[in-house]
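Read off the chains here:
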Amino acid sequence: MRIVVLAGGIGGARFLRGLKSAAPDADITVIGNTGDDIHLFGLKVCPDLDTVMYTLGGGVHEEQGWGRAEETFAVKEELTAYGVGPEWFSLGDRDFATHIIRTQMIAAGYPLSAITEALCARWQPGVRLIPMTDDRVETHVVISASDSGSAAGPDDRGRKAVHLQEYWVRLHASVPAHAVLPVGAEQSKPAPGVLEAIAKADVILFPPSNPVVSVGTILAVPGIREAITAAGVPVIGLSPIVGNAPVRGMADKMLTAVGVEATAAAVAAHYSSALLDGWLVDTVDAAAVGKVEEAGIGCRAVPLMMTDVEAAAQMAREALAFASEVRA
Ligand code: GDP
Ligand code: CA
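Residues numbered from 1 in each chain as written. Chains lettered and ligands numbered in written order. Predicted model: local features only at pLDDT ≥ 70, side-chain atom pairs only at ≥ 80, totals over all residues. Heavy atoms only, no water.

### Some words on the overall build of the protein
Okay, step 1: If you tally the helices and strands in the protein, you get 13 helices and 14 strands.
Okay, step 2: Along the first, second and third principal axes, the C-alpha set of the protein runs to 60 × 45 × 35 Å.
Okay, step 3: When each of the 328 residues of the protein is scored for burial, the buried share is 55%.
Okay, step 4: At a minimum sequence separation of 6, the contacts of the protein that also span at least 24 residues come to 69%. (Helix = DSSP H or I, 4+ residues; strand = E, 2+ residues; numbered from the N terminus. Buried < 20%, exposed > 50% of the residue type's maximum accessible area, 1.4 Å probe, protein only. Contact = heavy atoms within 4.5 Å.)

Rendered as structure tokens:
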């Protein structure tokens, strides 16, 4: 069975670990979000690709959910001693090596998709991990300039765009987001292999990743959404919103910015029946099932908390079983 998954960082990676355990013989292609990518200290950092790669490769900091296990921070401390920031973004020594190699390969002319493949040769994630695009896309968040903690650059409405990482890591998503802009997405092209994998898929899954800044950004790459609907195979999503709040992170802030309620049913409607055949909500949201079905999307309530690999595997089994039924 060929499975395509559109993944962000932690939510995507933890689900994928369960999927691999639930379907060990499946051929899994992961289309990774690169809207989180940022240049720091002259290096290209791809937070979501690395979270998937480290998690599936056994190198992730388990409790934190991102970054490397057994990490040290000597390089970052030395940079700080030189007064070189940004001080708000933490990068560990082991993690630095990944970004050095990636940046070196970019300078040598390799596209991000080839670099990701090269990095995965070490980590053996057991899936094919492809960035959504080889082109530069960066998600920016529009906030009120007065909330930004810096005087620079407000427009005439007193608003300012900051990089998603700055919004999330420096500002802790604590100020209202007025809009989310996947800068560069409109001009981007799907990376080699992305459309082909979608066209050959037997099932397409949206893991419980952020619907706006993870899956939404992937869908903003022209051609990807169209390829998914054209594939004519079951598309099943799992809600990252449980009990009207994100399980972790800032999906509520991002949903508000795009005018969507932070509920499991509203996220399904946001994806729409044009894209989704089935939507899994958590058992605490069982009352939402009827509402999702009214929107023309099949819906079931099952436990959706990824407390361990087996819990995530059970979610994957539910998604695959649902897929085999929705179009039958
Ligand atoms: P990020 O790029 O690291 O933010 O990760 P993703 O976009 O892949 O996933 C973030 C989303 O995962 C958040 O909206 C969380 O609500 C969701 N999430 C995290 N853990 C769980 C879980 O155990 N169950 C569910 N249903 N969602 C989760
Ligand atoms: Ca992310």
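Anyway, onward from the coordinates.
### Notes on the site of ligand 1
Okay, step 1: The environment of ligand 1 is made up of 20 residues, and the closest members are Ser-209, Ser-214, Val-247, Leu-304 and Met-306.
Okay, step 2: Here Arg-248 contributes a backbone N or O atom positioned 3.4 Å from an oxygen atom of ligand 1.
Okay, step 3: Protein burial of ligand 1: of its 600 Å² of free accessible surface, 89% is covered by the chains.
Okay, step 4: When its residues are assigned to classes, the shell around ligand 1 shows ten nonpolar, eight polar and two charged. (Near = heavy atom within 4 Å. Polar contact = N/O pair within 3.5 Å; in protein donor to acceptor, adjacent residues only side chain to side chain. Areas by Shrake-Rupley, 256 points an atom, 1.4 Å probe, with all protein chains shown as cover. Nonpolar A, V, L, I, M, F, W, Y, C, P; charged D, E, K, R; others polar.)

### Points about the sheet that holds strand S5 (residues 128–131)
Okay, step 1: Pairing is parallel in the open sheet, where seven strands are placed in the order S5-S2-S1-S9-S10-S13-S14. The strands lining the two open edges of the sheet, one partner per strand, are S5 and strand S14 (298–301). Geometrically, the sheet is characterised by an average inter-axis angle of 20° between neighbouring strands, direction not taken into account.
Okay, step 2: The pairing of strand S9 (residues 203–206) with strand S10 (residues 235–238) spans three bridges and is classified as parallel. Residue pairing across strands places Ile-204 opposite Val-235, the latter belonging to S10. (Pairing = 2+ DSSP bridges. Axes fitted to C-alpha atoms, helices over the stretch in contact; angles between N-to-C directions.)

### Focus: the nonpolar core
Okay, step 1: Ranked by size, the top nonpolar core spans 59 residues in total, and within it Tyr-167, Ile-198, Ile-204, Phe-206, Ile-228, Met-254 and Trp-279 carry the most contacts.
Okay, step 2: In terms of residue count, helix H11 (residues 264–271) provides more of this core than any other element does, six residues in total.
Okay, step 3: When neighbours within four sequence positions are excluded, Ile-204 is seen to be in contact with Val-4, Ile-198, Ile-228, Ala-231, Val-233, Pro-234, Val-235 and Ile-236. (Core = buried A, V, L, I, M, F, W, Y, C linked by side-chain atoms within 4.5 Å.)

### Notes on helix H13 (residues 309–326)
Think of an α-helix as 3.6 residues a turn; residues three or four steps apart then line up on the same face.
Okay, step 1: Between the first and last C-alpha of H13 there are 26 Å, a value that for 18 residues agrees with the 26 Å anticipated at 1.5 Å per step.
Okay, step 2: The set of residues buried in H13 consists of Ala-311, Ala-312, Ala-313, Met-315, Ala-316, Ala-319, Leu-320, Phe-322 and Ala-323.
Okay, step 3: If you follow the buried residues of H13, they end up packed against strand S1 (2–7), helix H1 (10–22), S9, S10, strand S13 (278–281) and S14.
Okay, step 4: N-capping of H13 is provided by Asp-308, with a side-chain oxygen placed 3.3 Å from the backbone N of Glu-310. (Expected span 1.5 Å × (residues − 1).)

### Structural notes on the environment of Asp-308
Okay, step 1: Take Asp-308: it is sitting in the loop between S14 and H13.
Okay, step 2: Each C-alpha atom, one on Asp-308 and one on Val-169, is 26 Å from the other, the two residues being 139 residues apart in sequence.
Okay, step 3: Reaching out from Asp-308, the side chain makes a polar contact with the backbone nitrogen of Ala-311 at a distance of 2.8 Å.

### Thoughts on the coordination of the calcium ion (ligand 2)
Okay, step 1: Protein-derived coordination of the calcium ion (ligand 2) comes from Asp-36 (OD), Asp-48 (OD) and Asp-48 (OD), at a distance range of 2.2 to 2.5 Å. In this pair, Asp-36 sits in the loop between strand S2 (27–32) and strand S3 (38–40) while Asp-48 sits in helix H2 (residues 47–57), placing the two residues twelve residues apart along the sequence. (Donors = N, O, S within 2.8 Å, 3.2 Å for Na, K, Ca; no water.)

### A word on the environment of Ala-269
Okay, step 1: Relative to the helices and strands, Ala-269 is located in helix H11.
Okay, step 2: According to the relative accessible area criterion, Ala-269 is partly exposed, its value standing at 45%.
Okay, step 3: As a C-alpha pair, Ala-269 and Pro-234 span 35 residues in sequence and 17 Å in three-dimensional space.

### Concerning the pattern of salt bridges
Okay, step 1: In this structure the tally under the stated criterion is eight salt bridges.
Okay, step 2: A salt bridge links Arg-136 to Glu-138, with the nearest nitrogen and oxygen atoms 3.1 Å apart.
Okay, step 3: Of the residues examined, Arg-136 reaches a relative accessible area of 54% and is grouped as exposed.
Okay, step 4: A salt bridge links Glu-310 to Arg-317, with the nearest nitrogen and oxygen atoms 3.1 Å apart.
Okay, step 5: Residue class for Glu-310 comes out partly exposed when judged on its relative accessible area of 44%. (Salt bridge = Lys/Arg side-chain N within 4 Å of Asp/Glu carboxyl O.)

### Regarding the domain arrangement of the protein
Okay, step 1: The assigned domain composition of the protein is domain 1 (37–127) and domain 2 (139–179).
Okay, step 2: Between domain 1 and domain 2, the contact holds five residues from the first and five residues from the second.
Okay, step 3: For the pair domain 1 and domain 2, the summed buried area comes to about 470 Å², and 75% of that belongs to carbon and sulfur atoms.
Okay, step 4: There are zero salt bridges connecting domain 1 and domain 2.
Okay, step 5: Counting across the domain 1 and domain 2 interface gives one residue pair in polar contact (both at pLDDT 80 or more).
Okay, step 6: Residues that form the side of domain 1 that touches domain 2 fall into these classes: four nonpolar, no polar and one charged. (Domains from an automatic or database assignment. Buried area = accessible area lost by both parts, 1.4 Å probe.)

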